[in-house]
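Below, each chain spelled out in residue letters.
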Amino acid sequence: MKILKVIHGYPPRYNAGSEVYSQTLCQGLADAHEVHVFTRQENNFEPDYKLHTEIDPSDPRILLHVINMPKTRNQTRYRHEEIDRLFSDLLTRIQPDVIHIGHLNHLSTSILEGVKKKNIPLIYTLHDYWLMCPRGQFIQRNSEIPWQICDGQDDEKCAQKCFKGFFSGASNEAETDHEYWTRWVGNRMDHIRAIAPLVDCFIAPSQYLLERYRDDFGLEESKLVYMDYGFDCDRLKGRIRKEGEPFVFGYIGTHIPAKGIQNLIHAFSHIKYECKLRIWGRPREETQNLKNIISTFPMNIQDRIEWKTEYRNQEIVTDVFNHVDAIVVPSIWVENSPLVIHEALQVRLPVITADVGGMSEYVHHEKNGLLFAHRDSVSLAHQMERLVKNPKWAIELGKKGYIQSTTGNIPEIKTHIKNVVSLYYKTLEEKGKSMAKKPGPWRITFDTNPDHCNFKCVMCECFSPHSNVKKERVAAGIPKREMSIDLIRKILEESRGSPLREIIPSTMGEPLLYQDFEQIIDMCQEFGVKLNLTTNGSFPRKGAEEWAKLLVPVCSDIKISWNGATKETQEKIMIGSQWERDFGNLKTLIRIRDEHAEQGKNWCRITLQLTFLGTNVDELADIVRLGLSLGVDRIKGHHLWAHFKEIKTLSMRHNAEAIARWNIAARKALEVAATQLLPNGKHILLENIYPLEENATVNLLPEGVCPFLGKEAWVNTEGRFNPCCAPDQERLSLGEFGNLNENTMEEIWQDSAYQDLRQNYLKHSLCIGCNMRKPAESFVA
């Protein structure tokens, strides 16, 4: 299924609840479906409505279509004809089967009208009150009482209590200003009520929110479905509370008044017992204002409040939950299903929150946390003191977890994905639309020309000076292997309607030497798939400039093999490389990629890819610095497949000393990536660079998972299906699955032999010792 997610922000640019959930949902859906995202950025130095594409930096399967919507010029508009036009063009181009909206603020509400015309099923997750409240939270911005709760939408009240800030300020114009904004609010609400029926199904993540939209806004009950959020529970494992500290309260979230952080700070200042407050979140202008409030407190209170940096969602356990004893959610707006409450309950932390809305739906007083009177800092202080005085009780409250389940566990993302996808299919059926549900991989690697290369890299299975493979093939009169371009076309034709959206030409040998490579580029355009290329950076036959112009429009990622931060190391490992030439080629590729993207066209990620060796491990941090200086998006690597006895000691897994050396290098590289930014202000992405445990000599990651089974496929030159990227002879030990000359990918994918491997791959010694297994997201060294 092809799914288009619409959300007003997407990580890492935006990390609030709806954005984080949207990314988690998209990454889960991408396991079996093609996922696109329509979202926004706010760049005041770029033209309004400039649209470009990029890849989710933590999941290359997801393509983001990012439109520029500077906040300073779009504070009150909710309809944009230019967005409607661009979105309609996008629908024509990608032809999604389902559209799933998360939020339309900062975008355009009238895109729903275009969806209706194309008769595409439309799902809408309700994250707040934005459809029935122009400001989204039912908090009055210009009332006599700061941040007053609103008891319901009314056009005149909205004008006076929320949009008065847009009045001219002249007393003789107050009446006309009031009339103008009353009319504006009325038009906005009439429009929302007109487009709401265009939605086929609304998902409400709390019963409270479902009832409000049904009772206060009049959405049809038949179109409303209660479904709580789903979570990646793997990253919420392994909480270990740091010992030797007083009781610690934690706040996680944005530093804005609606989140009630100011009430929390005042409440904490009244607690007389020894405890701490730790505040996490991205600094904003309001952050300094909050610090100014704290500066008025006595020093013994100031010293007990700690400001922490923004954390990555994948490291929330190690960076946040290991350092607190209770989480406080003090929001002054009536939240519906805060993610932080769920995450805290999953790690068995008690939550203190307000006695209203979805907050009290998921936290039950004195069962799995404590409730305080909404917006009452004195009541909040009292409940906080109760836990400080009785920390053992806090632990007992935390053990209860998620009240809505018998296990105490929050909804797991895999189950949530199944429920969401079932809703998609149900909606498709109700609209009378049929679609192929053909299973298959999202990415296929074709071994197009493994025997053609202009380098002799020391670790290469075929071309290394230590390899006899080439000599033996020549002596036996075996011709060089080269895949028929007709086989590639056959597989692409048969994969129409499947999740396939990316192909990789040979990762053995140099793919740009394949005689029919230009036809592969043409087929990417014809079949609507992206090209993911690994090349040695010499750009044979055409040169870097000409190849880049052909590749950048169709590639999702171009990985350049790069194994050193110095000329000496690079040329020692990659025999045949020329430092100055290849360095210039890389700069040319990045320049052409940037020029192409600046025109609003395809954005192609540039990656430096290396093999971790004793020869280059000490330069790992410098390779990251090199990538940062050039504007490379990602550094990716893998541990050595030691095909020859001559290079076994180069493996960073061959003994405990090598692992210790690797761990030092990995931590240095991670530190560089965390503290230094790319020229565009973003962080460089590191992949497969993490410290290892002592037993990694045998098993890379005991808790690690295979990143390929059920997701990707390999086809060798003769058409044999292979389940992974292990060396060709070694992956034969996994079994025979079929040949694509006789079978279709769908047949092999569903066959019992492949399904058995998916379920039992860790019975194979090759899989246990595999260099490619991924760590569970909760793993942090």
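Structure shown above.
All figures in this text were calculated on a predicted structure; none of them were measured in a lab.

Q: So what's going on with the overall build of the protein chain? Residues and values would help.
A: Across its full length, the protein chain carries 27 helices and 27 strands. In terms of its C-alpha atoms, the protein chain occupies a principal-axis envelope of roughly 95 × 60 × 50 Å. Buried positions account for 58% of the 781 residues belonging to the protein chain. Here the contacts in the protein chain between residues at least 6 apart in sequence split such that 72% fall between residues at least 24 apart. For the protein chain, the exposed surface amounts to about 32,400 Å²; the carbon and sulfur share of it is 49%. Mean positive and mean negative side-chain charge positions of the protein chain (97 and 103 charges, respectively) differ by 2 Å.

Q: Describe unusual backbone geometry, and please don't skip the residues or the numbers.
A: One can expect most non-glycine residues to show negative phi and most peptide bonds to be in trans. Along the chain, P11 connects to P12 via a cis peptide bond; the corresponding omega equals 5°. Assignment of secondary structure puts P12 in the loop between β1 (2–6) and α1 (17–29). The backbone of Y49 shows a phi angle near 70°, a positive value even though the residue is not glycine. Tracing the sequence through the fold places Y49 in the loop between β2 (34–41) and β3 (51–56). Positive phi is not limited to glycine here, since R348 has a value of about 65°. Within the secondary structure layout, R348 lies in the loop between α11 (339–346) and β15 (351–354).

Q: Break down the sheet that holds β15 for me, citing the residues and quoting the values.
A: Pairing in this open sheet of six strands is parallel, and the strands run β13-β12-β11-β14-β15-β16 from one edge to the other. Among the strands making up the open sheet, the edge pair consists of β13 (305–307) and β16 (369–372). Each adjacent strand pair in this sheet contributes to an overall mean axis angle of 25°, direction not counted. When strand β11 (residues 247–252) meets strand β14 (residues 326–329), the two strands line up parallel, connected through two bridges. Its bridge partner being in β14, G250 is matched across the sheet by I327.

Q: Before we move on, can you summarise the nonpolar core with the specific residues and values?
A: Soluble globular proteins tend to bury their nonpolar side chains together. Membership of the largest hydrophobic core comes to 92 residues, with the highest contact counts inside it found for L531, L551 and I635. The residues touching I635, leaving out its near neighbours within four places in the chain, are L608, L610, I623, V624, G627, I684, L685, L686, E687 and I689.

Q: I'd like a description of helix α19 (residues 544–551), backed by residues and values.
A: All of the buried residues in α19 are A544, W547, A548 and L551. Seen from one end, α19 has its buried residues packed into an arc of 100°, which puts them on one side. Buried positions along α19 lie against α18 (517–527), β20 (530–535), β21 (555–561) and α21 (579–598).

Q: Please provide a residue-by-residue account of the pairing of strand β6 (residues 122–125), values included.
A: A two-sided burial pattern is seen for β6, the buried positions comprising L122 and Y124 on one face and I123 and T125 on the other. Of the pairings in the sheet, the one linking strand β5 (residues 98–101) to β6 comprises three bridges and is parallel in character. Counted as the bridge partner of I101 is Y124 from β6. Handedness of the crossover joining β5 and β6 through helix α3 (residues 111–117): right-handed. For β6 and strand β9 (residues 201–204), the ladder comprises three bridges, and the chain directions are parallel. Of the residues in β9, the one forming a bridge with I123 is C201.

Q: Give me the lowdown on the side chain of D177, citing residues and values where you can.
A: You can see D177 is positioned in helix α5 (residues 174–195). Within the buried set, D177 has no salt-bridge partner at all; the shortest N-O distance to an opposite charge, 9.3 Å, is to R183. Within the local environment of D177, its side chain forms a polar contact with the backbone nitrogen of S168, the two atoms lying 2.9 Å apart. In this view, D177 contacts F167, S168 and G169; residues no more than four positions away in its chain are not counted.

Q: Could you give me a rundown of the sheet that holds β3, with the residues and numbers involved?
A: Read from one edge to the other, the open sheet built from eight strands follows the order β3-β4-β2-β1-β5-β6-β9-β10, with strand pairing classed as mixed. Edge strands, defined here as strands with exactly one partner in the open sheet, are β3 and β10 (224–226). Ignoring which end each strand starts from, the neighbouring axes of this sheet average 25° apart. Bridge analysis of β1 against β2 gives five bridges, and the strand direction is parallel. Residue pairing in the sheet places K2 in a bridge with E34 of β2. Packed onto the sheet, helix α6 (residues 207–215) meets β9 and β10 and runs at close to 165° relative to β10.

Q: Provide a residue-level description of the state of the cysteines, including the pertinent values.
A: All told, the structure shown has zero disulfides when counted by the stated rule. C460 supplies the cysteine sulfur nearest to C462, a cysteine that is in no disulfide, at a spacing of 5.8 Å.

Q: Give a description of the pattern of salt bridges that names residues and reports values.
A: For the coordinates displayed, the defined rule picks out 51 salt bridges. In this structure, R443 and E712 form a salt bridge, with 3.0 Å as the shortest nitrogen-oxygen distance. Taken together, the positions of R443 in strand β17 (residues 443–446) and E712 in strand β26 (residues 712–715) put the pair 269 residues apart, joining distant regions of the chain. The pair formed by R443 and E712 is uniform in burial state, with each residue classed as buried.

Q: Quick one: what's the story with α1, residue by residue and with numbers?
A: Between its first and last C-alpha atoms α1 spans 18 Å; for 13 residues at 1.5 Å apiece the expected length is 18 Å, and the two agree. Most of α1 is tucked away: twelve of the 13 residues are buried. Residues of α1 that are buried include every one of S18, E19, V20, Y21, S22, Q23, T24, L25, C26, Q27, G28 and L29, and no others.

Each value, and the rule that gives it
Residues numbered from 1 in each chain as written. Predicted model: local features only at pLDDT ≥ 70, side-chain atom pairs only at ≥ 80, totals over all residues. Heavy atoms only, no water. Helix = DSSP H or I, 4+ residues; strand = E, 2+ residues; numbered from the N terminus. Buried < 20%, exposed > 50% of the residue type's maximum accessible area, 1.4 Å probe, protein only. Contact = heavy atoms within 4.5 Å. Areas by Shrake-Rupley, 256 points an atom, 1.4 Å probe, with all protein chains shown as cover. Lys, Arg positive; Asp, Glu negative; His and termini not counted. Charge placed at Lys NZ, Arg CZ, Asp CG, Glu CD. Pairing = 2+ DSSP bridges. Axes fitted to C-alpha atoms, helices over the stretch in contact; angles between N-to-C directions. Core = buried A, V, L, I, M, F, W, Y, C linked by side-chain atoms within 4.5 Å. Arc of directions from axis to C-beta. Right-handed = clockwise from strand over helix to strand, strands pointing away. Salt bridge = Lys/Arg side-chain N within 4 Å of Asp/Glu carboxyl O. Polar contact = N/O pair within 3.5 Å; in protein donor to acceptor, adjacent residues only side chain to side chain. Disulfide = S-S within 2.5 Å. Expected span 1.5 Å × (residues − 1).

These figures come from the coordinates and say nothing about function on their own.
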